[in-house]
Each structure stands twice: as C-alpha cells, then as structure tokens.
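Topology and contacts: notes
Now for the letters of each chain:
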Amino acid sequence: MRVLGVDPGLTRCGVGVVEGVAGRPLTMLGVGVVRTPVDAELGHRLVAIEQGIEQWLDEHRPEYVAVERVFSQHNVRTVMGTAQASAVAMLCAARRGIPVALHTPSEVKAAVTGSGRADKAQVGAMVTRLLRLSAPPKPADAADALALAICHIWRAPAQNRLQQAVALHTAKAPKGRTA
C-alpha cells in the first residue's frame, strides 16, 4: 500500500509518502513541505498548495491519501487556514479517484507512539525509528505527514474489515431495520 500523508497548513503543508503493509517494515518514498508566502493572497496560496500536492500525486502515484482531520483550535484564523489546505488536498485526491482517509492528531500519535498525547519530538523520533531514517524529518510538518501515512497503513486493514462487517450486517437486516 502506498499512502501520501498530508499535514495541512497554509504556510507549511507537510507531505510524505510511505509504502508498506501492516506488520512489515515500511519504506519512506519521499517527504517535504509545500510552502506558501504569508503575505500572498489567500487564493494564490491555495493554488500553490494545489500545485504542490498535484506534483506529489504525479510523482508518487499513491493508492490512498491520509489527511489530518481538522480539529478546533483556539485561533480561528489558524483553524480556517488548516481547513482550507485540508480541503485542497482532499479535492486533489478526489479529482483522481484516490480514496481519502481523515485521521485525528491523537489517533495518529497513538498509532505511531502508543500515546495520543505524544509531543512533536516523540512523533518525530518514532517516525525516524519506524522508517529507519538517519534523522527526524524537518520541519515537524514533514514528520507529521509521514506519521499520517504510517497511521493509515496500520489502521486501514482493521477499518476495512469493520466497514465490511457493518455493510454485511446492514444487508442482512430485515427491511426497515438497519441495526
């Protein structure tokens, strides 16, 4: 499975591609950051993010895109920018028919470190170890993108089995009842 992880942001949008399957060593195929100037007009920044993500999709041809689920922050301006960058990533994937998965920050931290409350340094250290890298990817947005891809690779098989079980249960339920 090849997954493009996207840590959305208007100024720095982390991107990272990981390949592998759960239970086996994973391989990093690429990592980076799509940057936009803080003083640029919002529309231009979103186009720059789109172009950057499109380049990553062209180059790495992922089977899935895993995007950090936007959560409420104290700074509304920050959460709006994050949500807009997230939407651009989802749009780029959907345009190509690539399935998109959303993972919360605590879900990603728990998958990679074992604790949903891990800090950035712990996530970076575990990404480094899991992908057998010589140093943590910089900036943290890049490491977070790789963590998203790892989380999806590890959790997708279980999520798929759960979805299949729910679909089977729903199909077997008497008409008019779905639970």
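Treat the numbers as computed from the prediction; the structure is a model and nothing was measured. (Residues numbered from 1 in each chain as written. Predicted model: local features only at pLDDT ≥ 70, side-chain atom pairs only at ≥ 80, totals over all residues. Heavy atoms only, no water.)

A few points about the pattern of salt bridges
Under the definition given, this model contains eight salt bridges. R2 is the partner of E19 in a salt bridge, and the nearest nitrogen-oxygen pair spans 3.0 Å. On the criterion of sequence distance, the pair formed by E19 in strand β2 (residues 12–19) and R2 in strand β1 (residues 2–7) is long-range, its members being 17 residues apart. The partly exposed category is assigned to R2, whose relative accessible area is 22%. Notably, a salt bridge pairs E54 with R96, separated by 2.4 Å at the nearest N-O pair. Residue E54 is located in helix α1 (residues 42–60), and its partner R96 is located in the loop between α2 (76–95) and β5 (100–103); the two are separated by 42 residues in the primary sequence. Residue classification places R96 among the partly exposed residues on the basis of a relative accessible area of 32%. The structure contains a network of salt bridges with shared partners spanning E50, E54, D58, R95 and R96. (Salt bridge = Lys/Arg side-chain N within 4 Å of Asp/Glu carboxyl O. Helix = DSSP H or I, 4+ residues; strand = E, 2+ residues; numbered from the N terminus. Buried < 20%, exposed > 50% of the residue type's maximum accessible area, 1.4 Å probe, protein only.)

A closer look at the UniProt feature "active site" (unreviewed entry) in the chain
UniProt annotation of "active site" (unreviewed entry) refers to D7, E68 and D141 when read in the numbering used here. A maximum C-alpha distance of 10.9 Å among these annotated residues, which run over 135 residues, shows that they cluster at one spot. For D7, the position within the fold is in strand β1. If we skip the residues at most four places from it in the chain, D7 touches R12, C13, G14, E68, D141, D144, A145 and L148. Locating D141 in the fold gives a position in helix α5 (residues 140–172). Every residue in contact with D141, bar those within four places of it in the chain, is listed here: D7, R12 and G14. In terms of polar contacts, D141 uses its side chain to reach the side chain of R12, at 2.6 Å. (UniProt positions renumbered as here; feature names shortened; annotations may be inferred. Contact = heavy atoms within 4.5 Å. Polar contact = N/O pair within 3.5 Å; in protein donor to acceptor, adjacent residues only side chain to side chain.)

Observations regarding the nonpolar core
Counting 19 residues, the largest nonpolar core has L4, V6, I49, I53, L57 and V65 as its most contacted members. Mapped by element, the contributors of at least two residues to this core are β1, β2, α1, β4 (64–68) and α2. The element that contributes the greatest number of residues to this core is α2, accounting for five residues. Among the nonpolar cores identified, the runner-up in size contains 18 residues, and L26, A66, A118 and I153 belong to it. (Core = buried A, V, L, I, M, F, W, Y, C linked by side-chain atoms within 4.5 Å.)

Here's the deal with the pairing of β1
For β1, the buried fraction is high: five of the six residues fall into the buried class. Two strands pair when backbone bridges link them, and β1 and β2 are joined in this way by six bridges, in the antiparallel orientation. Across the sheet, the residue bridging to D7 is G14, located in β2. In textbook terms, the turn of a hairpin is the stretch between consecutive antiparallel strands, and for β1 and β2 this stretch comprises four residues. Pairing of β1 with β4 involves four bridges; the strand directions are parallel. When the sheet's bridge partners are listed, V6 is paired in β4 with V67. (Pairing = 2+ DSSP bridges.)

Let's talk about the environment of R12
Tracing the backbone shows R12 in strand β2. In this structure, the C-alpha to C-alpha distance between R12 and I49, residues 37 residues apart in sequence, is 9.1 Å. Those residues within four positions of R12 in sequence are excluded, and the remaining contacts are D7, V33, V34, R35, P139 and D141.

Focus: the UniProt feature "binding site: Mg(2+) 2" (unreviewed entry) in the chain
In the numbering adopted here, UniProt assigns the feature "binding site: Mg(2+) 2" (unreviewed entry) to E68. Residue E68 is classed as buried on the basis of its relative accessible area of 15%. The residues contacting E68, other than those within four sequence positions of it, are V6, D7, P8, S86, H103, P105 and L148.

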